[in-house]
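One letter stands for each residue in the lines below.
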Amino acid sequence: MPDVTSPRVLNNLFEAYGLQPRRQLGQNFLIDANIVRKIVSAAEIQRDDRVIEVGPGAGALTVSLAHAGAKLIVLEIDRGLVKLLKNLFEAWPQVVIKEQDVLQVDWITLAGNLGAEKGAVKLISNLPYNISGPFMYNLFRAGFPFSTALLMFQKEVARRLVAKPGDHDYGALSVLSQYYCRGNILFDVSKNVFWPRPRVDSAVLKLKPRRRDLSESEEQLFWEIVQGVFQQRRKTLPNGMARLFDLSRSRLVELLEEVPLSPTARPEELSVIQFAKLSRIIYNYFDKQ
Ligand code: SAM
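Residues numbered from 1 in each chain as written. Predicted model: local features only at pLDDT ≥ 70, side-chain atom pairs only at ≥ 80, totals over all residues. Heavy atoms only, no water.

Take the side chain of Thr236 next. Here Thr236 shows up in the loop between α9 (216-230) and α10 (237-242). Sequence-distant contacts of Thr236, defined by excluding residues within four places in its chain, comprise Pro263, Thr264, Ala265 and Arg266. (Helix = DSSP H or I, 4+ residues; strand = E, 2+ residues; numbered from the N terminus. Contact = heavy atoms within 4.5 Å.)

Shown next as structure tokens:
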């Protein structure tokens, strides 16, 4: 197996396959074996762990994960890279390579098909920056069916996922992420360890699923409220919510008081727990009508 974290090896492989890094696919490849080791060691791979890797590129993380004993499904959108990977991993039956747009994946089915018990699959990715938002929303919509996710993001996206009420980057993605997961940023990664070099630094984030308190129907309302009010984050809650529900302002204020929340509160002040409580109260109100 060639050392795919070596810029010289990467260059040769790309030339041999007639490939160029594609900016529109967020292609920035890891060229630092120490960082690769650090990421894979943070994943705490045990022999026969089922792992899904998204966006393997030329296989920098994949090789290390397979060496650590993981059984892998890797999803890559770029047909040229898929061809390269299939050749590189020809003799590695524990690595299954699929040409796939991750934004089209049915996560529940895929995680289920990978065997192991429900939710025992690990997810790993050095994520294409341009799709990190929709990618994460899809994982949460599927109920985050993983035991752990180890994800590298542009630093600001990682911060947004763990932001707390009052932080300037606290938004719908933060609330949804912290409803479904416990997360912490493990370490930053300099832009200098990628080829080609991106404009910004990255961070590695570890996410673990959280026990969820809402029913499926309440969760639907939770999504509607969280996404709806943050679309108008400068508005107070009764004003932001008036657009979402056919309820008078005075009724909305009453329902907010049950949480309890002030009618002057704005979305960025609410904790995940308060959003969940509010969703349950609104759900119960409509259920009784
Ligand atoms: N994991 C490799 C590494 O660390 O060197 C490559 C990381 S690179 C930042 C992102 C990879 O995701 C690229 O290989 C790119 O082609 C792939 N990718 C981009 N959009 C994708 C999508 N929608 N579905 C699947 N893979 C995608």
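A separate point is the site of the ligand. Looking at the ligand, there are 22 residues lining it, with Gln27, Gly55, Glu76, Asp101 and Asn126 nearest. One of the side-chain N or O atoms of Gln27 is found 2.8 Å from an oxygen atom in the ligand. Note that an oxygen atom of the ligand is positioned 2.7 Å from one of the side-chain N or O atoms of Asn126. Bound to the protein, the ligand loses 98% of the 590 Å² it would expose on its own. For the shell around the ligand, the elements supplying multiple residues, two or more each, are β1 (29-30) and β3 (71-76). Here the residues of the shell around the ligand are counted per class, giving 11 nonpolar, seven polar and four charged. (Near = heavy atom within 4 Å. Polar contact = N/O pair within 3.5 Å; in protein donor to acceptor, adjacent residues only side chain to side chain. Areas by Shrake-Rupley, 256 points an atom, 1.4 Å probe, with all protein chains shown as cover. Nonpolar A, V, L, I, M, F, W, Y, C, P; charged D, E, K, R; others polar.)

As a further point, take the packing of helix α8 (residues 172-180) against α9. It is at 9 Å that the axes of α8 and α9 come closest, and there the two elements cross at 155°. The orientation of α8 with respect to α9, classified from their angle, is roughly antiparallel. Side by side, α8 and α9 meet where Ala172, Val175, Leu176, Tyr179 and Tyr180 of the first sit next to Glu219, Phe222, Trp223, Val226, Gln227 and Phe230 of the second. Here the residues of the contact of α8 with α9 are counted per class, giving nine nonpolar, one polar and one charged. (Axes fitted to C-alpha atoms, helices over the stretch in contact; angles between N-to-C directions. Parallel < 35°, antiparallel > 145°, perpendicular 65-115°, else oblique.)

We now examine the domain arrangement of the protein. Taken as a whole, the protein is organised into domain 1 (7-209) and domain 2 (216-288). A separation of 34 Å is found between the C-alpha centroids of domain 1 and domain 2. Tallying the contact residues gives 14 residues for domain 1 and 14 residues for domain 2. Interface of domain 1 and domain 2: buried area, both sides summed, is about 1300 Å²; carbon and sulfur atoms make up 68% of it. Linking domain 1 with domain 2 are five residue pairs in polar contact (both at pLDDT 80 or more), by the criterion used here. (Domains from an automatic or database assignment. Buried area = accessible area lost by both parts, 1.4 Å probe.)

Turning our eyes to something else, we now look at the sheet that holds strand β7 (residues 181-189). Pairing within the open sheet is mixed, and its seven strands lie in the order β4-β3-β2-β5-β6-β9-β7. The sheet is open, and its two borders are formed by β4 (95-99) and β7, each paired with just one other strand. Across this sheet, the average inter-strand angle for adjacent strands is 20°, counted without regard to direction. Here helix α2 (residues 33-42) sits on the sheet in contact with β6 (148-154), β7 and β9 (202-209), set at roughly 165° to β7. (Pairing = 2+ DSSP bridges.)

Within the largest apolar cluster, 65 residues are counted, with the highest numbers of intra-cluster contacts made by Ile52, Trp107, Leu123, Met136, Phe140 and Phe222. In terms of domain composition, this core takes at least three residues from each of domain 1 (7-209) and domain 2 (216-288). Apart from the residues within four sequence positions on either side, Leu123 is in contact with Ile52, Val54, Trp107, Phe135, Leu139, Phe146, Thr148, Ala149, Leu150 and Leu151. Counting residues in each nonpolar core, the second largest holds 43 residues, with Phe14, Ala60, Leu81 and Tyr129 among its members. (Core = buried A, V, L, I, M, F, W, Y, C linked by side-chain atoms within 4.5 Å. Buried < 20%, exposed > 50% of the residue type's maximum accessible area, 1.4 Å probe, protein only.)

Here Trp195 and Pro196 are connected by a cis peptide whose omega angle stands at -15°. Its place among the elements puts Pro196 in the loop between β8 (194-195) and β9. Following Val259, the chain continues to Pro260 via a peptide bond in cis, the omega torsion being 0°. Within the fold, Pro260 resides in the loop between α11 (249-258) and α12 (272-288). Positive phi, normally seen in glycine, also occurs at Glu44, with a value near 45°. Position of Glu44 relative to the elements: it lies in the loop between α2 and β2 (50-54).

What follows deals with the pairing of β2. In terms of burial, β2 is largely enclosed, as four of its five residues are buried. Here β2 runs beside β3; their pairing, made up of five bridges, is parallel. Each bridged residue has a counterpart across the sheet, and for Arg50 the counterpart in β3 is Lys71. In the classification by handedness, the crossover that spans β2, the intervening helix α3 (residues 60-67) and the parallel β3 is right-handed. Of the strand pairs in this sheet, β2 and strand β5 (residues 122-126) are connected by four bridges, and their pairing is parallel. In the strand pairing of β5, Glu53 is matched with Ile124. (Right-handed = clockwise from strand over helix to strand, strands pointing away.)

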